[in-house]
Amino acid sequence: ALACPARAAAPPQVTLDGAAGGRVFDGVGALSAGASSRLLVDYPEPQRSRILDYLFKPGYGAALQILKVEIGGDTNSTDGAEPSHMRTPSDLNCDRGYEWWLMEQAKARNPRIKLSALQWGAPGWTGSGDARPTVWTDRNIDYLIAWLGCAARHHLHIDYLGGWNEGYSNGDWFVRLHQALREHGYGDVKVVADDSFNWDVLQPMAANPAFAAAVDVVGQHYVCGYLSDYLHCPSPAAAQALGKPLHASEQGSLPYDSGAAPLARALSRPYIDGAMTSTINWSLIASWYDTMPFQASGLMGANEPWSGAYVAGPSLWATAHTTQFTEPGWRYVDSAKGYLDGGGSYVALRSPDSRDYSLIAETIDATAPQRLRFTVTGGLPDGPATVWSSDLSSGDSRRWFVRAGTVRPGDTLTLAPGHVYTLTTTHGQGKGRAVSPPPAPLRLPYRDGFDSSAVGSAPRYVSDLDGAFEVAPCDGRPGRCLRQVIGEQPVWWNGWLRRPVTIVGDLKSWRDYEAGVDARLDGDGDGWVELLGRVDGQWADAVSGIHLRVSGRGDWQLYDENLQGQDSTLCVPSDPACAGVEAQSRRPVQRRTLAAGRTPVGTGTWHRLRLRFSGDQVTAFLDGRRLAQVVSSAHA
Ligand code: 147
């Protein structure tokens with residue numbers, strides 16, 4: 001703790017006492033969820049490997065200690081939908097999507113990385129079947145056990161498993177999950193509850209001792225606030241009295257550049273304020289089309305697989321100040337945690353054998369340099385310590401994560417404002433040197449006949465917003481096609497998109513272009529197909545852009561869909577006005593019909609839909625015939 005200076009001249013002192021108490025540190029991690037890694041897997045080499053090095057390789061970049069992934073549910077979970085391993089009770093495919101690959105890549109770089117998994121949505125058959133279906137069923141537990149079986153087939157050991165992202169809890173379900181894990185040989189998987197807000201889970205845990213006993217870790221989201229400065233990260237005393245680890249199991253949602261300073265706070269303050277021993281950032285890497293929600297929110301950015309361009313910015317280095325100097329299983333040193341009088345905060349951690357320690361201090365909110373004297377006691381090494389620093393007030397990457405000499409216990413340090421510092425006895429740190437190629441637009445013309453994609457896979461750059469579009473043999477013509485394979489409404493997450501849509505292309509650079517697709521409707525004629533263009537957003541039940549819809553009943557419609565308000569216009573769970581409203585559903589949507597008519601298309605035959613955009617002119621074609629030419633400035 002900071003001692004009161006005896007004289008004004010004496011600097012505040014921090015003492016690392018190896019004999020002092022402190023909770024076990026569980027690690028700093030990041031989340032691949034909501035299709036946040038969709039474009040990464042399509043990156044060219046060597047860029048793809050360098051990006052993975054920046055995220056996972058020890059002594060190179062973020063050196064993450066936990067990777068948390070979404071268990072895909074074929075339903076929109078923010079920036080897209082991730083595929084499920086089990087779409088029907090008899091289906092099982094352990095190779096869909098990119099999370100298996102990502103976990104393997106993370107483990108290959110750091111075999112000690114912890115893995116965590118959580119579902120956002122799930123296939124309809126696993127759900128409760130209510131008007132608002134939930135995942136609180138035994139079928140869903142079987143489904144999660146099957147997912148763990150897939151993980152085992154991939155030789156991946158899962159350390160943590162949660163319930164339903166931001167879906168609050170059902171105590172009896174958690175009890176049955178915990179039991180099922182034991183029965184199926186996954187007794188070492190730690191159960192996290194409930195990945196929701198406001199510590200609401202404490203009340204049902206207190207009321208149901210079996211529920212409390214089934215929970216290994218209490219994980220809460222946005223304990224430092226949401227889309228703010230992340231200044232305070234408290235937890236209730238009742239949480240701290242549980243005797244269970246507490247995790248900030250999702251925090252973040254801020255851009256990789258401007259989010260670095262709030263992130264630096266959120267890496268230490270959950271322990272200082274709330275005894276939480278892990279912080280997990282959403283997202284790992286902003287690797288989705290950046291016209292989609294929460295643009296650039298990640299530790300890095302990589303959304304141009306065609307150019308190979310990526311951004312390794314300050315959020316990466318803010319993270320490295322903790323991760324490169326600690327290991328899960330270390331302990332916090334409670335004699336050295338708190339706030340600096342001149343602005344900022346600090347925590348210290350030690351290795352289990354007390355041979356090493358690291359002190360992490362951030363001075364983000366300081367306005368002037370401040371002095372700090374540090375000492376060690378209680379069996380901690382009293383030799384020299386190395387100092388690393390990052391000037392987060394600077395945009396110059398040469399000022400991030402630099403070695404800044406050595407100090408000795410008893411020395412007085414001068415901490416500049418706007419920085420993160422680590423003082424450490426450990427070695428092996430490093431700053432990766434790989435450099436991104438320059439960004440570039442995806443060149444037109446661009447076409448894909450899916451001939452080089454495996455049946456069942458998602459073709460390159462094609463990013464599902466909802467449902468699942470897979471490469472399949474065409475029906476009624478040679479070659480390969482893309483088929484939307486989800487026929488039953490999944491258990492959806494949080495009121496996001498519920499309409500199968502997939503997108504492809506350079507949505508931010510393309511403006512005047514023509515888009516075409518050959519499409520065939522199956523079934524009884526009740527369905528429709530749409531070709532979209534100028535897609536510039538997605539939220540709740542809307543895909544912002546121009547839509548040409550052709551139905552099996554013979555009518556067509558050209559319309560535009562617009563989102564009103566900002567990404568952050570959503571229901572915050574603590575806002576009483578949001579009671580009963582799903583989080584994302586309040587952002588208003590405007591739909592305008594631009595032209596409409598009738599034309600026979602029917603089912604079982606192929607038709608070519610085309611949209612041409614030139615300035616504010618939109619022209620729609622069906623089978624080479626012009627349906628309409630209209631003016632729409634909404635997405636021009
Ligand atoms: C979180 C989700 O868990 C993430 O998948 C991602 O969508 C992220 C984007 O910010 O948001 O969900 C939240 C929903 C509501 C709030 C915070 C996070 N909220 O209102 O405080």
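Model, not experiment: these values are computed from the prediction.

1. Examining helix α1 (residues 47-56)
Within an α-helix, residues lying three or four positions from one another point in the same direction, as the helix has 3.6 residues per turn.
Part 1: With nine of its 10 residues buried, α1 lies for the most part within the structure.
Part 2: Within the sequence span of α1, burial applies to Q47, R48, S49, I51, L52, D53, Y54, L55 and F56.

2. Re the state of the cysteines
What we call a disulfide is simply a covalent bond connecting the sulfur atoms of a pair of cysteines.
Part 1: Across all of its chains, the model carries three disulfides by this definition.
Part 2: Here C224 connects covalently by a disulfide to C233, the sulfurs 2.3 Å from one another. Here the disulfide of C224 and C233 is right-handed, its torsion about the S-S bond being about 110°. Of the two residues, C224 and C233, both sit in the buried class.
Part 3: The disulfide partner of C474 is C481, and the gap between their sulfur atoms is 2.1 Å.

3. Digging into the confidence of the model for the protein
Part 1: Per-residue pLDDT for the protein has a mean of 94; in total, 95% of the residues score no lower than 70.
Part 2: pLDDT under 50 marks residues 1-6. Its contacts with residues more than four places away, or in other chains, come to 15 contacts.

4. A word on the pairing of strand β28 (residues 542-551)
Part 1: Counting buried residues along β28, nine of its 10 residues qualify, which places the element largely inside the surrounding structure.
Part 2: Strand direction decides the pairing type here: β28 and strand β29 (residues 555-563), joined by six bridges, are antiparallel. Bridging from a neighbouring strand, H547 pairs with Y559 of β29.
Part 3: Counting the residues that bridge the hairpin from β28 to β29 gives three residues, and of these G554 lies at a positive phi of roughly 100°.

5. Examining the side chain of H247
Part 1: Relative to the assigned elements, H247 resides in strand β8 (residues 246-252).
Part 2: Here the side chain of H247 touches D26 through a polar contact of 2.7 Å, side chain to side chain.
Part 3: Other than its neighbours up to four places away in sequence, H247 contacts D26, Y160, V217, V218, G219, Q220, M276, T277 and S278.

6. So, the packing of aromatic side chains
Each aromatic ring pair is specified by the distance between its two centres and by the angle formed by the two planes.
Part 1: Within the structure shown, the criterion is met by 28 aromatic pairs.
Part 2: Relative to W539, the ring of F294 has its centre 6.1 Å away and its plane inclined at 45°; by these criteria the two rings are tilted. Highlighted residues: F294 in the loop between β10 (285-286) and β11 (300-304) and W539 in strand β27 (residues 528-539), separated in sequence by 245 residues.
Part 3: For F294, a relative accessible area of 9% puts it in the buried group.
Part 4: Of the residues examined, W539 reaches a relative accessible area of 0% and is grouped as buried.
Part 5: Through a chain of ring-to-ring contacts, the aromatic side chains of Y54, Y60, Y310, W317, F325, W388 and F401 assemble into a single cluster.
Part 6: Above the face of the W317 ring, K431 is positioned so that its terminal group lies 5.6 Å from the ring centre.
Part 7: Over the ring of W606 we find R477, and its NZ or CZ is 4.6 Å from the ring centre.

7. Some thoughts on helix α2 (residues 99-109)
Part 1: Listing the buried residues of α2 in full gives E99, W100, W101, L102, M103, A106 and R109.
Part 2: Where α2 is buried, its residues contact β2 (27-32), α1, β3 (66-71), β4 (114-119) and α3 (138-153).

8. Describing the side chain of R499
Part 1: Within the secondary structure, R499 sits in the loop between β24 (480-484) and β25 (501-503).
Part 2: For R499, a relative accessible area of 11% gives the class buried.
Part 3: A distance of 3.0 Å separates a polar atom in the side chain of R499 from a polar atom in the side chain of E561.
Part 4: Ignoring anything within four residues of it in the chain, the contact list for R499 reads D466, W528, E530, D541, A542, V543, H547, R549, Y559, E561 and R591.

9. Digging into the packing of α3 against helix α4 (residues 171-183)
Part 1: Two numbers describe how α3 lies on α4: the axes approach to 10 Å, and their chain directions differ by 35°. Crossing handedness for the pair α3 and α4: right-handed. Residues D138, N140, I141, L144, I145 and L148 of α3 lie in contact with α4, whose contacting residues are W173, R176, L177, A180 and L181.

10. Brief notes about the nonpolar core
Part 1: Ranked by internal contacts, the top residues of the largest apolar core, which has 154 residues, are F56, L67, W147 and L558.
Part 2: Ranked by the residues each element gives to this core, the list is headed by α3, at nine residues.
Part 3: Residues in contact with F56, not counting those within four places in the same chain, are A63, L64, L67, L102, A106, R109, N110, I113 and L284.
Part 4: In terms of nonpolar packing, the next biggest core, distinct from the first, is built from 21 residues, Y346, A361, L413 and L415 among them.

11. Comments concerning the pattern of salt bridges
Once their charged atoms are close, side chains differing in charge can pair, the charge on each being opposite to the other.
Part 1: Under the criterion given, the structure shown has 35 salt bridges.
Part 2: The partner of K508 in a salt bridge is E304, with the nearest N and O atoms 3.1 Å apart. Of the two residues, K508 sits in the loop between β25 and β26 (513-520) while E304 sits in strand β11, which places them 204 residues apart along the sequence.
Part 3: With a relative accessible area of 5%, E304 lands in the buried category.
Part 4: In this structure, the salt-bridge partner of R398 is D396, at a minimum N-O distance of 3.0 Å.
Part 5: Owing to a relative accessible area of 66%, R398 belongs among the exposed residues under this scheme.
Part 6: Of the residues examined, D396 reaches a relative accessible area of 25% and is grouped as partly exposed.

12. Regarding the environment of A620
Part 1: Along the chain, the position of A620 falls in strand β32 (residues 617-622).
Part 2: Remark: the alpha-carbon pair of A620 and A595, spanning 25 residues in sequence, is separated by 9.5 Å.
Part 3: With residues near it in sequence (within four places) discarded, A620 still touches L548, L558, R610, L611, R625, R626, L627 and A628.

13. Remarks on unusual backbone geometry
Part 1: A cis geometry characterises the amide bond from E45 onward to P46, with omega recorded as 5°.
Part 2: Assignment of secondary structure puts P46 in the loop between β2 and α1.
Part 3: The omega angle of the peptide bond from W282 to S283 is 0°, so this bond is cis rather than trans.
Part 4: One non-glycine residue, H155, lies in positive phi territory at about 60°.

14. Comments concerning the pairing of β32
Part 1: Counting buried positions along β32 gives five out of six residues, so the element sits mostly inside the fold.
Part 2: The pairing of strand β31 (residues 606-614) with β32 spans six bridges and is classified as antiparallel. Bridging from a neighbouring strand, L609 pairs with L622 of β32.
Part 3: By the bridge criterion, six bridges tie β32 to strand β33 (residues 625-631) in an arrangement that is antiparallel. Bridging from a neighbouring strand, L622 pairs with R625 of β33.
Part 4: Between β32 and β33, which follow one another and run antiparallel, lie two residues, and D623 among them has a positive phi close to 50°.

How each quantity is defined
Residues numbered from 1 in each chain as written. Predicted model: local features only at pLDDT ≥ 70, side-chain atom pairs only at ≥ 80, totals over all residues. Heavy atoms only, no water. Buried < 20%, exposed > 50% of the residue type's maximum accessible area, 1.4 Å probe, protein only. Helix = DSSP H or I, 4+ residues; strand = E, 2+ residues; numbered from the N terminus. Disulfide = S-S within 2.5 Å. pLDDT = per-residue confidence, 0-100. Contact = heavy atoms within 4.5 Å. Pairing = 2+ DSSP bridges. Polar contact = N/O pair within 3.5 Å; in protein donor to acceptor, adjacent residues only side chain to side chain. Phe/Tyr/Trp six-rings, centres within 6.5 Å; stacked < 30°, edge-to-face > 60°. Lys NZ or Arg CZ within 6 Å of the ring centre and 35° of its normal. Axes fitted to C-alpha atoms, helices over the stretch in contact; angles between N-to-C directions. Left-handed = near helix turned anticlockwise from the far one by under 90°. Core = buried A, V, L, I, M, F, W, Y, C linked by side-chain atoms within 4.5 Å. Salt bridge = Lys/Arg side-chain N within 4 Å of Asp/Glu carboxyl O.

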